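Observations on chain architecture
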Amino acid sequence: MVDLEVMVNKLNTELGIRNFGADSSFKRFLPSAYDSINYDWESNFEKQFTELFNGLMIKGTRYINKVFLAVFPTDDVLKRFINEGKDGDLLFMHHPILMECGDPKGQWGRGFVPIKEEFIGQIKEKNLSVYTCHLPLDYHSELGTSLAIAKSLKAEVIDGFLPLDNLGDLILICSIHRTSTEELVSTLKELFDIPYVDFEGEKLRNIEKIAIVAGCGDKVEWMKEAASNGVQAYITGEIHCHIDSDYGKQKYKIMKEYALTTPMSLLGVSHSASEYLVKKTLLKDWLEHNFDVQTVLIPQEKWWL
């Protein structure tokens, strides 16, 4: 059993959430998502969270027995947490709102979607807590989302780009034991437990240098930067934007045009799966090492959504 305040303070310090200020993504997208359903998020979420958009979002009772680990607040994730969580238990997610990125072989997504008000109400009624951390986790030097992928692939980080205020690089460049596109696809499917890898670009026989960016790596300028650094395979959550909007369709068109000329293998493993890996490896181990607490993994029922 762990005191909630003790765990939150240690997480905040380790992840350095104050160093990042207001999260650049969710300070834009979270208010509009909750405003779209006329939900008074500023009154219903913890004050510091409404300023930083990271940290303790919903505060339950004082003592934690279990920490549930997930990425997106999908309906299936929240239902399981609410059903299994006991008074005081905590859900640690990467996102405070769902991001429907779309399925490359199925439906396109809606983009950012708020947690349903009924689920927030049930979480509060059961005195459960919710903690989320986005950008600080992506950049973390020891618990980073992309770093977890590199470690699982036994890749050595040799460089990176997209630094943020000396807090590290968002995109990691790594050396890897020689492999091929075909072998790498097989490895990624098994590692992320996904039915398929979204693929564009060249199929290569010899790959020894890769770039890794968990989440949305669907920016052509990032891909070009990786290629200019000699990267042969670019691994990310989303290589395409499949959000059903004018913005999403324009990004998809630009990416398809670039894919015709790229020298790299471009490999997408799904946004959520790419960020879940850190939860079931580095963060799970860190929590169990630092606290007398049981961790419970909540994988999504569908990784591509």
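As shown above, the structure is provided for reference.
As the structure is a prediction and not an experimental result, all values here were calculated from the model.

Our focus in this paragraph is helix 10 (residues 220-228). Turning to helix 10, its buried residues number three or more, namely Val 220, Trp 222, Met 223 and Ala 226. Taken end-on, helix 10 shows its buried residues confined to a sector of 160°, consistent with a single buried face. Those residues of helix 10 that are exposed and aimed more than 90 degrees away from the buried face are Glu 221 and Ser 228. For helix 10, the elements touching its buried residues are strand 9 (156-163), strand 10 (169-179), strand 12 (207-216), strand 13 (233-238), helix 11 (246-259) and strand 14 (265-268). With its phi angle positive at about 80°, Gly 230 sits one or two positions after the end of helix 10.

Another point: the nonpolar core. Core analysis: the biggest nonpolar cluster contains 37 residues, and Leu 153, Leu 188, Phe 192, Ile 194 and Ile 210 have the highest contact counts within it. Going through the elements one at a time, strand 6 (98-100), helix 8 (145-152), strand 10, helix 9 (181-192), strand 12, strand 13 and helix 12 (271-290) are the ones with two or more residues in this core. In terms of residue count, strand 12 provides more of this core than any other element does, five residues in total. In this view, Phe 192 contacts Ile 149, Val 269, Ala 273, Ser 274, Leu 277 and Trp 303; residues no more than four positions away in its chain are not counted. Membership of the second largest hydrophobic core comes to 28 residues, among which are Val 77, Met 93, Ile 115 and Ile 120.

What counts and what doesn't
Residues numbered from 1 in each chain as written. Predicted model: local features only at pLDDT ≥ 70, side-chain atom pairs only at ≥ 80, totals over all residues. Heavy atoms only, no water. Buried < 20%, exposed > 50% of the residue type's maximum accessible area, 1.4 Å probe, protein only. Helix = DSSP H or I, 4+ residues; strand = E, 2+ residues; numbered from the N terminus. Arc of directions from axis to C-beta. Contact = heavy atoms within 4.5 Å. Core = buried A, V, L, I, M, F, W, Y, C linked by side-chain atoms within 4.5 Å.

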